[in-house]
Amino acid sequence: PGNSVSFLVNLARLLRGFHPCVVHTRNWPGMDGVIAARMAGIRKLVHGEHGLGSDDPTGLDPRRLRVRRALKSWPMEYTCVSRTLEQWLRDAIRVSRPVTRITNGVDTDLYRPGSGAAARAELGVDADAFVVGVVGRLDPIKDHDTLLAAHQRLRITLPGSVLLVVGDGPERRRLTAS
């Protein structure tokens, strides 16, 4: 529901004591850090958007928009992980500060597991099966239901295809049951 004024005052006091060179906040909960950093007199502030939450999946909650827009000029720069979030920052939040997009990714040269034969054998997956895999937090915002539905459609054409889901979170029990 939000934090109290005393929380913000205490956080500002802590930040002043640390003497940080830069404060980096992230997502909606980071707005408290933006306010506290400003209260502490810290001007070198970067705010990052990593993704929208399940409590505001469109990023258009009116109260949150008002707060973000009111604070939008306090960070000296923004970071985000996708073009969609970059566009959202520009259009919905109306950010005029620099926005640096740092996309998530995996260095496939570094993390190339080889043929996968050992992993397939350990998991009981046929050597010639088409495998779809996802690794992530099992949270409503990740929309695993669409992945499950897509895999069911894929199995019409590729009946031996296998879907591997790796992760944990609030949706685990429900997804396992379905």
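Before reading on, note that the structure itself is shown above.
Okay, so let's go over this structure. For clarity, every value in this text was computed on a predicted model and none was experimentally measured. (Residues numbered from 1 in each chain as written. Predicted model: local features only at pLDDT ≥ 70, side-chain atom pairs only at ≥ 80, totals over all residues. Heavy atoms only, no water.)

1. Details of the pairing of strand E1 (residues 23–26)
When a strand is regular, its side chains alternate between the sheet's two faces. Side chains Val-23 and Thr-25 project from E1 onto a buried face, and the interleaved His-24 and Arg-26 project onto a face without burial. The sheet contact formed by E1 and strand E2 (residues 45–49) spans four bridges and is parallel. Note that in E2 the partner of Arg-26 across the bridge is Gly-48. (Buried < 20%, exposed > 50% of the residue type's maximum accessible area, 1.4 Å probe, protein only. Helix = DSSP H or I, 4+ residues; strand = E, 2+ residues; numbered from the N terminus. Pairing = 2+ DSSP bridges.)

2. Digging into the nonpolar core
In this structure, Ala-12, Leu-15, Val-23, Trp-28, Met-31, Val-34, Ala-36, Ala-37, Ala-40, Ile-42, Leu-45 and Leu-71 together form the largest nonpolar core, which totals 12 residues. For this core, the elements supplying multiple residues, two or more each, are helix H1 (5–18) and helix H2 (31–39). A total of four residues in this core trace back to one element, the largest contributor, which is H2. When neighbours within four sequence positions are excluded, Met-31 is seen to be in contact with His-47, Val-67, Arg-68 and Leu-71. In terms of nonpolar packing, the next biggest core, distinct from the first, is built from 11 residues, Leu-85, Ala-92, Val-95 and Val-99 among them. (Core = buried A, V, L, I, M, F, W, Y, C linked by side-chain atoms within 4.5 Å. Contact = heavy atoms within 4.5 Å.)

3. Some remarks on empty space enclosed by the protein
Overall, the coordinates contain one cavity of 30 Å³ or more when judged by the stated rule. Here the largest cavity is characterised by a volume of approximately 60 Å³. Across the lining of the largest cavity, the residue classes tally to eight nonpolar, one polar and two charged. (1 Å grid on protein atoms, 1.4 Å probe; cavity = no way out; pocket = protein on both sides within 12 Å on 5 of 7 lines; lining within 4 Å. Points joined across faces, edges and corners; volume = space filled by probe spheres on them. Nonpolar A, V, L, I, M, F, W, Y, C, P; charged D, E, K, R; others polar.)

4. Observations concerning the sheet that holds strand E3 (residues 77–80)
Overall, parallel pairing links the four strands, which are arranged E1-E2-E3-E4 in an open sheet. Two strands in the sheet have a free side with no partner beyond their single neighbour: E1 and strand E4 (99–101). Within this sheet the neighbouring strands show an average axis-to-axis angle of 25°, counted without direction. Across the sheet, H2 is in contact with E1 and E2; its angle to E2 comes to roughly 175°. (Axes fitted to C-alpha atoms, helices over the stretch in contact; angles between N-to-C directions.)

Purely spatial values, then, with no claim about function.
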